[in-house]
Amino acid sequence: MSNEGTLSGLYPFLHGKTQDPTKLQTALLHSVAEKARDSRETNEAFFGGQAEILVAAARTLAGVYSSGGQLFSMGNGGSSCDASHVAVEFVHPVTAGRPALAATNLVADLAMISAVGNDLGFDHVFVRQLVAHARKGDALIGISTSGNSQNLIAAFVKAKEMDVSTIGLAGGDGGKMKSSGAVDHCLIVPSTSIHRIQECHVAAYHIMWDLVHTLLADERGSAARKEKVQ
């Protein structure tokens, strides 16, 4: 089939044609079912293979908070929205009775990002902020669907130099995020679909948030029981 014929079949409205409404509805419903199935299967594969890493990351982060540290988050594009979401989850918990925990979104300051990007280059936008604000014992989470965002990798490397714990969310084969050796806990979604990867990332940091609060509550309960015994 020619390219024109292929395009005509896929996009008949571009060629003055209309699709049969019944066939179009059937195709759309089939697409919904297929994408939902793919989403479920990717989610199951991800959490089935990465659950222990997720729990380990939550334990690390709970330890950071119990020692008075804080979390920094970063990402680019759609993942910058996830970085913002992560910070909001910890600072403004949606579950009543859970304490606010310090978290800073490194994507939030547009003036800072444009200044550093213009003067030093985009690879430095997170490193510069990390050097200014992070301290030994803090944590950094970076989110990238490919795992290859150079500004994230640079920040992870700097974080390790500063004794800042690192958590990464990636997709595919993990990219440089996995191979850099600078990420303590690297959660990799086994998919090349950006949508499926992002869906798993959202679920992962929601679960991590919940686990951190569970661990901190358990720690507070243990401390209270010890005091009562004494």
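Up top is the structure these notes are about.
Residues numbered from 1 in each chain as written. Predicted model: local features only at pLDDT ≥ 70, side-chain atom pairs only at ≥ 80, totals over all residues. Heavy atoms only, no water.

Section: the side chain of Asn151
- Looking at the secondary structure, you find Asn151 in helix α6 (residues 150-161).
- Within polar-contact distance, the side chain of Asn151 engages the side chain of Asn76 at 2.9 Å.
- Ignoring any residue separated from it by four or fewer positions in sequence, one finds Asn151 in contact with Asn76, Phe122, Asp123, Val125 and Phe126. (Helix = DSSP H or I, 4+ residues; strand = E, 2+ residues; numbered from the N terminus. Polar contact = N/O pair within 3.5 Å; in protein donor to acceptor, adjacent residues only side chain to side chain. Contact = heavy atoms within 4.5 Å.)

A short note on helix α3 (residues 78-91)
- Under the 1.5 Å per step criterion, the end-to-end length of α3 is 21 Å for 14 residues, consistent within 8% with the ideal 20 Å.
- Where α3 is concerned, the buried positions are Ser79, Ser80, Asp82, Ala83, Val86, Ala87, Glu89 and Phe90. (Expected span 1.5 Å × (residues − 1). Buried < 20%, exposed > 50% of the residue type's maximum accessible area, 1.4 Å probe, protein only.)

Digging into unusual backbone geometry
- The phi torsion at Asp163 lies on the positive side, around 60°, for a residue other than glycine.
- With respect to the element layout, Asp163 can be found in the loop between α6 and β4 (165-171).

With respect to the packing of helix α4 (residues 110-119) against helix α5 (residues 125-133)
- Remark: α4 packs on α5, axes separated minimally by 8 Å, with the N-to-C direction vectors making an angle of 115°. When you trace α4 past α5, the crossing you get is right-handed. Across the interface between the two elements, Met112, Ile113, Val116 and Gly117 of α4 pack against Val125, Arg128 and Gln129 of α5.
- Per-class residue counts for the contact of α4 with α5 are 4 nonpolar, 2 polar and 1 charged. (Axes fitted to C-alpha atoms, helices over the stretch in contact; angles between N-to-C directions. Left-handed = near helix turned anticlockwise from the far one by under 90°. Nonpolar A, V, L, I, M, F, W, Y, C, P; charged D, E, K, R; others polar.)

Considerations on the pattern of salt bridges
- Taken as a whole, this structure holds 7 salt bridges when the rule is applied.
- Taking the shortest distance from any N to any O, the salt bridge between Glu34 and Arg37 comes out at 2.8 Å. Here the residue Glu34 and the residue Arg37 both occupy positions in helix α2 (residues 21-66), the gap between them amounting to 3 residues, near one helical turn.
- Accessibility expressed as a relative area gives 32% for Arg37, which makes it partly exposed.
- Ionic pairing is found between Arg37 and Glu41, a salt bridge with its closest N-O pair at 3.0 Å. (Salt bridge = Lys/Arg side-chain N within 4 Å of Asp/Glu carboxyl O.)

Examining the environment of Gly172
- Relative to the helices and strands, Gly172 is located in the loop between β4 and α7 (175-179).
- In this structure the C-alpha to C-alpha distance between Gly172 and Val189, which are 17 residues apart in sequence, comes to 6.3 Å.
- Filtering out sequence-adjacent residues up to four positions away, Gly172 remains in contact with Thr145, Ile188, Val189, Pro190, Ser191 and Ile197.

Points about the packing of α5 against α6
- Remark: α5 packs on α6, axes separated minimally by 7 Å, with the N-to-C direction vectors making an angle of 25°. Of the possible angle classes, the one that applies to α5 and α6 is roughly parallel. In this structure, the crossing between α5 and α6 has a hand that is right-handed. Judged by residue contacts, Val125, Phe126, Val127, Leu130 and Val131 of α5 engage Asn151, Leu152, Ala154, Ala155, Lys158 and Ala159 from α6.
- Class assignment for the residues of the contact of α5 with α6 results in 9 nonpolar, 1 polar and 1 charged. (Parallel < 35°, antiparallel > 145°, perpendicular 65-115°, else oblique.)

Observations regarding the side chain of Gln129
- Along the chain, Gln129 turns up in helix α5.
- Side-chain polar atoms of Gln129 contact the backbone oxygen of Val125, separated by 2.9 Å.
- The contact partners of Gln129, leaving out residues within four places of it in the chain, are Leu106, Met112, Ile113 and Ala134.

Geometric values such as these leave the question of function open.
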